[in-house]
Amino acid sequence: MVGVLNSIRFVGERRGQCSNVDYSREVQSFNKFSGETGLVDIPLVSRKFTWYKPNDTVKSRIYRIVVPPDWLVKWSGCKQYALSRSVSDHCALILKVTSIDWGTKPFRSFDIWQKDGRFRDFIKCQWNNYEILGSGLFVMKEKLERLKSDIKKWNRDVLEM
Amino acid sequence: MKVIHIQIVRGNVKKNYISNLVRKEEVFFFCLQETKYEQVNEERGYQLWGSNDVDWIENGAVNNGGGLITMWRKNAFELTSFRNGRGFTIIEGVWKIGGQFGLQW
């Protein structure tokens, strides 16, 4: 469900000129709605509010996207992004799934390689055959990198794993 | 899977903003309010989305007020039914996209 819910979930989701206004009833009504429909709020990232008065004196999170719990099972890691105000004083909301980047994949060595008599010779042979020019450290880095992909190839072609 | 919601009124700047957003964010499903459109014909719909790979349901503006449009990429979503009411549109359909990240077709 997408749209103006005109209600807030936490007291901090609205800032206004009258800071002493009690929003707790509104919060209660949102939570009641959420309880009755089963629709859940999705974390909003990148900004706190989705609507601003032009002079920024009043801001609120009146727009939101709420989803049924199954949604989060199907699309886990789904987040709401509020874009910056550009053509409107209302922020566009984007619901998207961002895949997590775990960084470079670690290199793993298998015990079976060590047990295979051919592995040692293969490494020795490859290591001595690389012709790389440069400082010692650079040569070592380059050799390790090439070795990594050659081991992968060896694993596939020779061990057929 | 990306769903977008924005409040907007007429004007080329805003239309371009939308089609740029749709392209940049690779939007599958899009909800717009305060369209001020009584009717969205093919030309206008394609222009708003930035391509013709789109279907939509409109809930027309009355006396230049309100107006909702719900748009989606044809190969991402298939409409099965809808209902328009005063100030709301209910859309029922099937996602054609799946997978953990919703990006595989």
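Just so you know, these numbers come straight off a predicted model, no measurement behind them. (Residues numbered from 1 in each chain as written. Chains lettered and ligands numbered in written order. Predicted model: local features only at pLDDT ≥ 70, side-chain atom pairs only at ≥ 80, totals over all residues.)

1. Topic: the environment of Asn41 of chain B
Residues and elements named next belong to chain B.
Here's step 1: Within the secondary structure, Asn41 sits in the loop between β2 (29-33) and α2 (42-49).
Here's step 2: By C-beta crowding, Asn41 is classed as exposed, having 10 other C-beta atoms within 10 Å.
Here's step 3: Distance in space between the C-alpha atoms of Asn41 and Glu58 is 9.9 Å, their sequence separation being 17 residues. (Helix = DSSP H or I, 4+ residues; strand = E, 2+ residues; numbered from the N terminus. Buried ≥ 20, exposed ≤ 12 C-beta atoms within 10 Å, placed from the backbone.)

2. Regarding the nonpolar core
Here's step 1: Ile65 and Leu93 of chain A together with Phe30 and Ile69 of chain B are the most contacted members of the largest nonpolar core, which totals 30 residues.
Here's step 2: If you list the elements that add at least two residues to this core, you get β7 (63-67), β8 (78-82) and β9 (93-97) of chain A together with α1 (12-24), β2, α2 and β4 (68-73) of chain B.
Here's step 3: Not counting residues up to four positions away in its chain, the partners in contact with Ile69 of chain B are Leu32, Thr35, Tyr37, Val40, Trp56 and Glu58 of chain B. (Core = buried A, V, L, I, M, F, W, Y, C linked by C-beta atoms within 7 Å. Contact = placed C-beta atoms within 7 Å.)

3. Re the packing of α1 of chain B against α2 of chain B
Residue and element names in this part refer to chain B.
Here's step 1: Running from N to C, α1 and α2 point in directions that differ by 60°, and their axes come no closer than 6 Å. Relative to α2, the element α1 is oriented oblique. Only Gln47, Leu48 and Trp49 of α2 make contact with α1, whose side of the interface consists of Lys15, Ile18, Ser19 and Val22.
Here's step 2: Looking at the contact of α1 with α2 residue by residue, the class counts come to four nonpolar, two polar and one charged. (Axes fitted to C-alpha atoms, helices over the stretch in contact; angles between N-to-C directions. Parallel < 35°, antiparallel > 145°, perpendicular 65-115°, else oblique. Nonpolar A, V, L, I, M, F, W, Y, C, P; charged D, E, K, R; others polar.)

4. Some remarks on the sheet that holds β7 of chain A
Here's step 1: Read from one edge of the open sheet, three strands run β1-β7-β3 (chain A), paired in antiparallel fashion. The open sheet has two free edges, formed respectively by β1 (2-4) and β3 (40-41) of chain A, since each of these has just one partner strand. (Pairing = 2+ DSSP bridges.)

5. Examining the packing of helix α4 (residues 117-129) of chain A against helix α5 (residues 136-157) of chain A
Residues and elements named next belong to chain A.
Here's step 1: Contact pair α4 / α5: the axes reach a minimum separation of 10 Å and the direction vectors enclose 140°. Regarding the angle of α4 to α5, the classification is oblique. As α4 packs across α5, the resulting crossing turns out to be right-handed. Each of Phe122, Gln126 and Trp127 in α4 lies in contact with α5, whose residues at this interface are Lys143, Leu147, Asp150 and Trp154.
Here's step 2: The class makeup of the residues in the contact of α4 with α5 is four nonpolar, one polar and two charged. (Left-handed = near helix turned anticlockwise from the far one by under 90°.)

Everything listed here is a matter of geometry and, on its own, says nothing about what the molecule does.
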